[in-house]
Every structure is written in C-alpha cells, then in structure tokens.
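A structural walkthrough
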Amino acid sequence: MDVIITDESSIGDLVADDIAALLQQKPHAVLGLATGSSPLRIYDSVATRVARGELSLAQARGFTLDEYVGLPDGHPSQYRTVIDNDFVSRVDFAPGAVRAPRGNAADLGQACHDYEAAIRAAGGIDLQILGIGTDGHIAFNEPGSSLASRTRVKTLAEQTRRDNARFFDGDVAAVPIHCLTQGLGTIMEARHIVLVGTGLGKAEAIHQLVEGPVSALWPATVLQHHPHVTVLVDDAAASRLQLADYFRYTYAHRYLVQ
Ligand code: F6R
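Overview of the structure.

Parameters at a glance
- Residues numbered from 1 in each chain as written.
- Predicted model: local features only at pLDDT ≥ 70, side-chain atom pairs only at ≥ 80, totals over all residues.
- Heavy atoms only, no water.
- Helix = DSSP H or I, 4+ residues; strand = E, 2+ residues; numbered from the N terminus.
- Rg over C-alpha atoms; globule rule 2.2 N^0.38 Å.
- Buried < 20%, exposed > 50% of the residue type's maximum accessible area, 1.4 Å probe, protein only.
- Contact = heavy atoms within 4.5 Å.
- Lys, Arg positive; Asp, Glu negative; His and termini not counted.
- Charge placed at Lys NZ, Arg CZ, Asp CG, Glu CD.
- Polar contact = N/O pair within 3.5 Å; in protein donor to acceptor, adjacent residues only side chain to side chain.
- Pairing = 2+ DSSP bridges.
- Axes fitted to C-alpha atoms, helices over the stretch in contact; angles between N-to-C directions.
- Near = heavy atom within 4 Å.
- Areas by Shrake-Rupley, 256 points an atom, 1.4 Å probe, with all protein chains shown as cover.
- Nonpolar A, V, L, I, M, F, W, Y, C, P; charged D, E, K, R; others polar.
- Phe/Tyr/Trp six-rings, centres within 6.5 Å; stacked < 30°, edge-to-face > 60°.

Let's talk about the overall build of the chain
When you go through the chain residue by residue, the secondary structure sums to 8 helices and 10 strands. Since a compact globule built from 258 residues should have a radius of gyration of about 18 Å, the 17 Å found for the chain is in line with a globular shape. Principal-axis analysis of the C-alpha atoms gives the chain an extent of 55 × 40 × 35 Å. Residues classed as buried in the chain amount to 53% of the 258 residues present. If you take every contact in the chain between residues at least 6 apart in sequence, the share linking residues at least 24 apart comes to 79%. Separation of charge centres in the chain, based on 21 positive and 30 negative side chains, amounts to 4 Å.

Shown next as structure tokens:
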C-alpha cells in the first residue's frame, strides 16, 4: 500500500496523472467511479485535460460503486444523476459507456447479478477510485460487511445517513435506508485501487485502513490484502497515522522509473 500525504489541492492532479497514464497505455480502460465529495478534484482535473484536448475517454468505460434504493431517475441525489453531473457530462465518454447499479429496478437481486456480469464482461476494472466513510465503509459496505461480499442490497448505517444528509438538504429522514453496492470482494478485483480521504473526520478511518487489524468492523481494511493500492490523504486525514513520518519519507524518496 502506498500512502501519499499531500495537500488537498494536489490530490486531483496526482490521480488524474494515473488515469492519463492508464489511458495512454490502454485507451479502452475501465474506470471505477466513486461519487461523493472525495473524487471531485480528480474529476475536475480530468475534465480540464479533456477540454484542453490532452486526454480522451472516448473509448473508456466506467462503473459506479453504489446507488440508493428507490430514488427515481433524475432525482438530484441519485448517484446516477450525481456522476452524470459531476463527471460524465464534462468529459467525452461514448453514450452508455458509464453504468450504475439500478437502485429502482423491480428485482434488485437481478439488478445486482446483472451489474456483476457487466463488470466481468467489460474485462474488470482497471483503476478504481474510492472515498472512505467516517465509519470505514468503502462503496456502501458498512461495518459488519463480509470481506468477500459481492454486489447486493445493504442497509445504510445511521452514521452514513447522517453524513450524507448534506446531499438531501440536511434532511436525514430523506436519505434512503437501503442501497445497492459493489461488494468488498468485487472491489478487490480491480487492478489498481486509489482511495482518497481528506479532513479530520476521516482520520480514524484512515488510521484503521492503513494500520489497523483487518476486520469487518472497519471494512476498508480489506484493502491491506490488495497488491496495488494508493491512498492519498491530506495532513488532517493523516493526523492519526503512526507511520506518517515514514510515509512522508517514502514519498519524498520514491523510486522514479527512468
Ligand atoms: C460513494 C461511496 C462512498 C463514499 C464515502 C465518502 O460512491 O461509495 O463510499 O466514497 O461515503 O463520501 P465523501 O467522499 O462524500 O466523504
């Protein structure tokens, strides 16, 4: 696991550099797209490069991580709408190239099965962008999730519903109780995982993710078993890391391929 402690404003460009390098080598790469606040600077940086003609996602595909159950299409807080507004509409993906779990399907179990099949048919995810919840969730795999879980219906923790009320005009009661989410086992199949965490509120979750025992109590800790994870955090989110000095040292002395 590579841990990069840097200022929040650099994170977007650093991850966009990784995406650009991937697309140069593999124009039809498959990106895993998180919603929420954490990836916004990444999406801004990628959109700027596309607008300047430096980068194209015309052959790429994308899969979002999760979706609320029961929100109608076009609802401003539906993750499908959010990713369209925050990213897809600002870049040059081909129509239909970005998929999201169907949280308003009549048969949610079938929707989960279809989503797993679509990811497999696309050849798997090359680069997965993740945020992290204050309770250590990734996607919507709340504490107690099976470390081998697949895409399924989950019940959101009350903490997550409180955290996400800001996307529902501050009304916790308006945040759906259920969601569809890629499982931890699904996420672990991505070839490269890039997790972004900023702010003091994420400090404990980042400490557990990087330094805690692997446990369903902190679902993100499963990433310790993945061979290629990059964690990007600001000073506040890194403030509980016991190895912070070592991570700063390793990044300052990183080996650059000539
Ligand atoms: C969103 C997602 C969630 C968020 C997490 C952090 O698709 O899967 O796990 O990444 O809740 O949210 P933010 O980035 O808004 O703090």
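Focus on the environment of Arg-152
Along the polypeptide, Arg-152 turns up in strand β7 (residues 152-155). Expressed as a C-alpha distance, the spacing of Arg-152 and Phe-168, which sit 16 residues apart in the sequence, is 23 Å. Excluding residues that lie within four positions of it along the chain, Arg-152 makes contacts with Cys-112, Asn-141, Ser-145, Cys-179, Leu-180, Thr-181, Gln-182 and Gly-183. Of the polar contacts made by the side chain of Arg-152, one reaches the side chain of Ser-149; its length is 3.3 Å.

A look at unusual backbone geometry
Positive phi values are uncommon outside glycine, yet Ala-139 reaches one of about 45°. For Ala-139, the position within the fold is in the loop between β6 (127-130) and β7. Residue classification places Ala-139 among the buried positions, given a relative accessible area of 7%. With a phi angle near 55°, Asp-169 is a residue other than glycine that sits in the positive phi range. In this fold, Asp-169 is placed in the loop between α5 (158-164) and β8 (178-181).

Here's the deal with the sheet that holds strand β4 (residues 66-68)
The 3 strands lie next to each other as β4-β8-β7, forming an open sheet whose pairing is antiparallel. The outermost strands of the open sheet, each flanked by one partner alone, are β4 and β7. With direction set aside, neighbouring strand axes in the sheet form an average angle of 30°. Sheet analysis places β4 next to β8, joined by 3 bridges and oriented antiparallel. Each bridged residue has a counterpart across the sheet, and for Asp-66 the counterpart in β8 is Thr-181.

Remarks on the site of the ligand
Residues in close proximity to the ligand total 15 residues, the closest being Thr-35, Ser-38, Asp-66, Ala-139 and Lys-202. With respect to the ligand, the side chain of Arg-166 contributes an N or O atom lying 2.8 Å from an oxygen atom. Here the ligand has 410 Å² of accessible area as a free molecule, and 94% of this is covered by the chains. Within the shell around the ligand, the residues separate by chemical class into 5 nonpolar, 7 polar and 3 charged.

Brief notes about the packing of aromatic side chains
Within this structure, the stated rule accounts for 8 aromatic pairs. Relative to Phe-140, the ring of Tyr-79 has its centre 5.7 Å away and its plane inclined at 20°; by these criteria the two rings are stacked. Taken as a pair, Tyr-79 in helix α3 (residues 79-86) and Phe-140 in the loop between β6 and β7 lie far apart in primary sequence, 61 residues in all. The exposure class of Tyr-79 is buried, given its relative accessible area of 8%. Measuring from centroid to centroid gives 5.9 Å for Tyr-246 and Phe-247, while their planes differ by 55°, and the two rings are tilted. The class of Tyr-246 is partly exposed, set by a relative accessible area of 49%.

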